[in-house]
Number of protein chains: 2
Amino acid sequence: MSKDQQRIRRLKTALRKTGLDAIVLRLPENILMAFGVWPLNGFSYGLFTAADGPVALIAPSCEDEEMDGGWADHVIWFVWPRLNAPDPLEVIRAKLCSLARRHQLTQGRIGYEGSFELIAPPHGSGEVRVPAESSIRYLHSILPSAKWSDATPLLYQQRATKTTAEIAKLRVANKVADFGLKKFHDSVEPGISEAELASLAYSECLNLGVGVRGVRHVNVYPQVSSGLDTYRAWRPAVSTGRRRLQEGEIAMLELAVCVDGFWADVTRVKVAGRPSAVQRRAFEALSAAQAAATAAIRPGATAERPHQAAIKVLTEAGFEKQIVHITGHGLGFCYHEPEPFLMPGNMLKLKKGHVCSVEPGVYDPAWGGIRLENNVAVTGDGAELLTHTSNKL
Amino acid sequence: MSKDQQRIRRLKTALRKTGLDAIVLRLPENILMAFGVWPLNGFSYGLFTAADGPVALIAPSCEDEEMDGGWADHVIWFVWPRLNAPDPLEVIRAKLCSLARRHQLTQGRIGYEGSFELIAPPHGSGEVRVPAESSIRYLHSILPSAKWSDATPLLYQQRATKTTAEIAKLRVANKVADFGLKKFHDSVEPGISEAELASLAYSECLNLGVGVRGVRHVNVYPQVSSGLDTYRAWRPAVSTGRRRLQEGEIAMLELAVCVDGFWADVTRVKVAGRPSAVQRRAFEALSAAQAAATAAIRPGATAERPHQAAIKVLTEAGFEKQIVHITGHGLGFCYHEPEPFLMPGNMLKLKKGHVCSVEPGVYDPAWGGIRLENNVAVTGDGAELLTHTSNKL
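### A closer look at the overall build of chain A
- Scanning chain A from N- to C-terminus turns up nine helices and 18 strands.
- Taken over C-alpha atoms, the radius of gyration comes to 22 Å for chain A, in line with the 21 Å a tight globule of 393 residues would show.
- Once the C-alpha set of chain A is aligned to its principal axes, its extents read approximately 70 × 50 × 35 Å.
- Within chain A, buried positions represent 64% of all 393 residues.
- For chain A, the computed accessible surface area is about 13600 Å², with 52% contributed by carbon and sulfur atoms.
- Charge centroids of chain A, computed over 45 positive and 41 negative side chains, lie 4 Å from each other.

Structure follows, in structure tokens:
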């Protein structure tokens, strides 16, 4: 990414307003925002100051190839992982100490990531490195006379409003997700299994996504449910099974894609063969509800407005009792972000740069469930659809 | 899983020895160990007491189907996620309070997960829910007169030694990984890309793994590198690219598989076409080094012995300077666990129930890298190989 002055300026201002002299970051999603580089292992430390911005990244030597893209003033390496290397924590301690002295932070007010409870996996997504109590104690021990405070709210607030450059990245993440959605649409037919559909979506996003528009890192998280089991597909963690689709059954693909640290979160349904009357009615109501919610997204509108718009359409179509969940959530630096939630009672004003899902769904034990999910960015005067695969049943 | 009395007994004993009356668990990997059920979202609370063992799981209603398998005395539900449901944290607070009174814990000594920094993703692996500072404050606020302490070391120690039932689960996880390794071996040929190989391994594990031996949840984490890039394949987070294999080039698959919460971590290499002389020499040295390390694994041996055995073979074959990393690490409840590390200077005595990777590797910028990785369980008198796909170049 080229240097995102918009983000740097905003973050510096936010630190000053909160009374912080600096912030020390560890989570890849926050380092991506502040330094324009996505640490693949989650073992980098970023120092961002109110006075000078992105002053330094302390990063493991195994990520040297990743660091081209970022805008840290300095990248400082430690050897990791390698047989007989010095203890990385001791090396990082010395480097942070020296940076703190250079930037007059030894008595400063410094923020850290204390309360992130819902965290994106790094690129090596089989495990996640998080700054737990032990890390917080470690930071305190490095600069014991600094005043440390939990900067989680500040960071979430920063992340809620995306910059122009970040929205460009989310377009690319959605483009990669679109590969998987199209493949899913083309593959649903009687006899295919949930696992096979999930595999096809995975393969298509990875095979076509890596390399497109400069993309380097793609991870794909598909979940497929089918038949009457789609009634339970509102659950956050659906288990893709070996179940095979029969004629007339619905398949639902919930697809999260992470592209160089930026996330898309989309859902499509397709019937194997000929849809039934109730499937058609629900699908049409949901398409209309999604369109109404999207049309209600504009700067200045409250975040409950798009939800109400969707509910109104679904209620008029007779599906009020089949509604289970809210209509959308923030996303971008991870799969789910707190702002803006499109839900009843949320009086938060939407503003340019907010990015959210729009995902009305209805679920009925008698015939199953349907959810349609796109990603949308709030623009200066409305909403930009980031997901381009059209819905079809 | 049927009730694992061996685990329950051990954990109760460990709590008593540490002076803890109870432990409150949140991480799926620890709840899996203590309650025999793998929370798919990471939003369950488990209360395990020194006196009575696995007394209660407080779990979100969306996981009702998962709870069949566990051995909690009581499963207590809260509604999540659902539109207009009561605040789950308030519901959990009331339930934990009532459990604490019933088990005389309001003034008790209670352990929590304070310092887990390397965490397995839950089944919904696109995001990870962790107990950060905010959760720890929340627990304190629920039982303010209890004495809370960080039980991370106790939990890691418990996890280091697997029970008979847990090793049976790790055999199944390796069986699913074997599907991917075989597919990889059969698919490497000139012209195929890294992304295509990763996709094939993913698909094979998912398509064949779900349903085999009662398996319900499979997640697959493949990383493929190729050609001279394999020189850098010792890195923990390799980026699978669109690069296509040419005649005579190495492909390497690092494959992590999570099966109902139990992990396998395996690696294979294969040459597209005819291997060169140096590739053959390295491969043969590594096969011999792996065999020597595995043969050195037995109860009572120090954890550095298998490492030394591998190094000796590699050194004699002239590859000493190409060694980058240690020879193995613990695993099972996640991708990497601290015990036992097979590395120089580790005087920990291996014992029955330890499970580790055996993964010698050599890396040379002149021709690339090779790593061979199996999983092994320490038995009463030696080692059981859990990975059954044979190495072939």
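### Topic: the interface of chain A and chain B
- Contacts between chain A and chain B engage 71 residues on the former and 71 residues on the latter.
- Counting the surface lost from both chain A and chain B, the interface buries some 5700 Å², and carbon and sulfur atoms represent 51% of this.
- Summed over the three residues of chain A that lose the most area to chain B, namely L83, E117 and E127 of chain A, the buried surface amounts to 12% of that side.
- On the surface where chain A and chain B come into contact, there are eight salt bridges.
- Across the pair R235 of chain B and E65 of chain A runs a salt bridge whose closest N-O atoms are separated by 3.8 Å.
- The interface formed by chain A and chain B holds 30 residue pairs in polar contact (both at pLDDT 80 or more) in total.
- The set of elements that each furnish at least two residues to the side of chain A that touches chain B consists of β6 (118–119), β7 (128–129), α4 (133–142), α7 (194–209) and β9 (218–226) of chain A.
- Looking at the side of chain A that touches chain B element by element, the count peaks at eight residues for α7 of chain A.
- Taken together, the residues of the side of chain A that touches chain B sort by class into 34 nonpolar, 22 polar and 15 charged.
- Two strands pair when backbone bridges link them, and β7 of chain A and strand β6 (residues 118–119) of chain B are joined in this way by two bridges, in the antiparallel orientation.

### Regarding the nonpolar core
- Membership of the largest hydrophobic core comes to 156 residues, with the highest contact counts inside it found for F35, L255 and V257 of chain A together with F35, L255 and V257 of chain B.
- The contact partners of F35 of chain B, leaving out residues within four places of it in the chain, are L25, G46, L47, F48, P54, V55, A56, L57, G70, W71 and A72 of chain B.
- Within the second largest apolar cluster, 59 residues are counted, among which are W234, V358 and W367 of chain A together with Y138 of chain B.

### A look at the relation of the copies chain A and chain B
- When chain A is brought onto chain B, the operation consists of a screw motion whose angular component is 180° and whose axial shift is 0.0 Å, with 0.0 Å RMSD remaining. One copy is carried onto the other by what is essentially a two-fold rotation axis. Minimal C-alpha distance to the rotation axis in chain A is attained by A132 of chain A, lying at 3.1 Å.
- Taken together, the interface assignments show that 100% of the residues at the interface of chain A recur at the interface of chain B, consistent with an identical surface on both copies.

### What to know about helix α7 (residues 194–209) of chain B
- Along its 16 residues, α7 of chain B runs 22 Å from first to last C-alpha, staying within 8% of the 22 Å computed at 1.5 Å per residue.
- Among all positions of α7 of chain B, only E194, A195, L197, A198, S199, A201, Y202, S203, C205, L206 and G209 of chain B are buried.
- Along its buried surface, α7 of chain B packs onto α7 and β9 of chain A together with α6 (164–187), β9 (218–226) and β10 (250–259) of chain B.

### Description of the packing of aromatic side chains
- In total, this model carries 21 aromatic pairs over all chains according to the counting rule given.
- Plain terms: the ring middles of Y202 of chain A and Y202 of chain B are 3.5 Å apart, the flat faces sit at 5° to each other, and that makes the pair stacked. Highlighted residues: Y202 of chain A in helix α7 and Y202 of chain B in helix α7, drawn from two different chains. A single burial state applies to Y202 of chain A and to Y202 of chain B, both of which are buried.

### Description of empty space enclosed by the protein
- Using the criterion set out here, one finds 11 cavities of 30 Å³ or more in the structure.
- Its volume calculated, the largest cavity comes out at about 360 Å³.
- Lining the largest cavity are 30 residues, with V220 and Y221 of chain A together with Y202, V220 and Y221 of chain B positioned closest to its centre.
- Elements represented by at least two residues in the lining of the largest cavity include exactly α7 and β9 of chain A together with α7 and β9 of chain B.
- Per-class residue counts for the lining of the largest cavity are 16 nonpolar, 14 polar and no charged.
- Around the second largest cavity, the lining is made up of 14 residues, and of these V130, P131 and A132 of chain A together with V130 and A132 of chain B lie nearest the centre.
- Here the residues of the lining of the second largest cavity are counted per class, giving 11 nonpolar, one polar and two charged.

### Quick notes on the sheet that holds strand β5 (residues 109–112) of chain A
Residue and element names in this part refer to chain A.
- Within the open sheet, the six strands sit side by side as β4-β3-β2-β1-β5-β8. Their pairing is mixed. For this open sheet the edge positions go to β4 (74–78) and β8 (147–150), each flanked by a neighbour on one side alone. Strand after strand, the sheet turns through a mean of 20° between neighbouring axes, direction not considered.
- As judged from the two bridges shared by strand β1 (residues 22–25) and β5, these two strands associate in the parallel manner.

### Some points on the side chain of S225 of chain A
- When you line up the elements, S225 of chain A lands in strand β9.
- Once residues lying within four places of it in the same chain are set aside, the contact partners of S225 of chain A are E194, T230, A233, V238, I250, A251 and M252 of chain A.

### Some points on the pattern of salt bridges
Residue and element names in this part refer to chain A.
- Using the criterion set out here, one finds 36 salt bridges over all chains in the structure.
- Note that E337 is salt-bridged to K162, the shortest N-O span being 2.7 Å. With E337 in strand β13 (residues 337–342) and K162 in the loop between α5 (152–160) and α6 (164–187), the pair connects residues that are 175 residues apart, well separated along the chain.
- According to the relative accessible area criterion, K162 is buried, its value standing at 3%.
- Taking the shortest distance from any N to any O, the salt bridge between R371 and E254 comes out at 2.8 Å. Of this pair, R371 sits in strand β16 (residues 368–371) while E254 is found in strand β10 (residues 250–259), placing the two residues 117 residues apart along the sequence. Comparing R371 with E254 shows no difference in burial state: the two are buried.
- The structure contains a network of salt bridges with shared partners spanning E29, R159, K162 and E337.

### Points about helix α2 (residues 28–35) of chain B
All names here are of chain B.
- Most of α2 is tucked away: eight of the eight residues are buried.
- All of the buried residues in α2 are P28, E29, N30, I31, L32, M33, A34 and F35.
- Two residues or fewer after α2 comes G36, characterised by a positive phi angle close to 70°.

### Details of the pairing of strand β2 (residues 45–49) of chain A
Residue and element names in this part refer to chain A.
- Counting buried residues along β2, five of its five residues qualify, which places the element largely inside the surrounding structure.
- Side chains Y45, L47 and T49 of β2 all project onto a buried face; the interleaved residues G46 and F48 project onto the opposite face, where all are buried too.
- With four bridges connecting them, β1 and β2 associate as antiparallel partners. Within β2, the position partnered with V24 by the bridge is L47.
- Where β2 meets strand β3 (residues 53–60), five bridges bridge the pair, whose relative direction is antiparallel. By the bridge assignment, G46 is partnered in β3 with L57.
- What sits between β2 and β3 in their antiparallel hairpin is a turn of three residues.

What counts and what doesn't
Residues numbered from 1 in each chain as written. Chains lettered and ligands numbered in written order. Predicted model: local features only at pLDDT ≥ 70, side-chain atom pairs only at ≥ 80, totals over all residues. Heavy atoms only, no water. Helix = DSSP H or I, 4+ residues; strand = E, 2+ residues; numbered from the N terminus. Rg over C-alpha atoms; globule rule 2.2 N^0.38 Å. Buried < 20%, exposed > 50% of the residue type's maximum accessible area, 1.4 Å probe, protein only. Areas by Shrake-Rupley, 256 points an atom, 1.4 Å probe, with all protein chains shown as cover. Lys, Arg positive; Asp, Glu negative; His and termini not counted. Charge placed at Lys NZ, Arg CZ, Asp CG, Glu CD. Contact = heavy atoms within 4.5 Å. Buried area = accessible area lost by both parts, 1.4 Å probe. Salt bridge = Lys/Arg side-chain N within 4 Å of Asp/Glu carboxyl O. Polar contact = N/O pair within 3.5 Å; in protein donor to acceptor, adjacent residues only side chain to side chain. Nonpolar A, V, L, I, M, F, W, Y, C, P; charged D, E, K, R; others polar. Pairing = 2+ DSSP bridges. Core = buried A, V, L, I, M, F, W, Y, C linked by side-chain atoms within 4.5 Å. Least-squares fit on C-alpha atoms with pLDDT ≥ 70 in both. Expected span 1.5 Å × (residues − 1). Phe/Tyr/Trp six-rings, centres within 6.5 Å; stacked < 30°, edge-to-face > 60°. 1 Å grid on protein atoms, 1.4 Å probe; cavity = no way out; pocket = protein on both sides within 12 Å on 5 of 7 lines; lining within 4 Å. Points joined across faces, edges and corners; volume = space filled by probe spheres on them. Axes fitted to C-alpha atoms, helices over the stretch in contact; angles between N-to-C directions.

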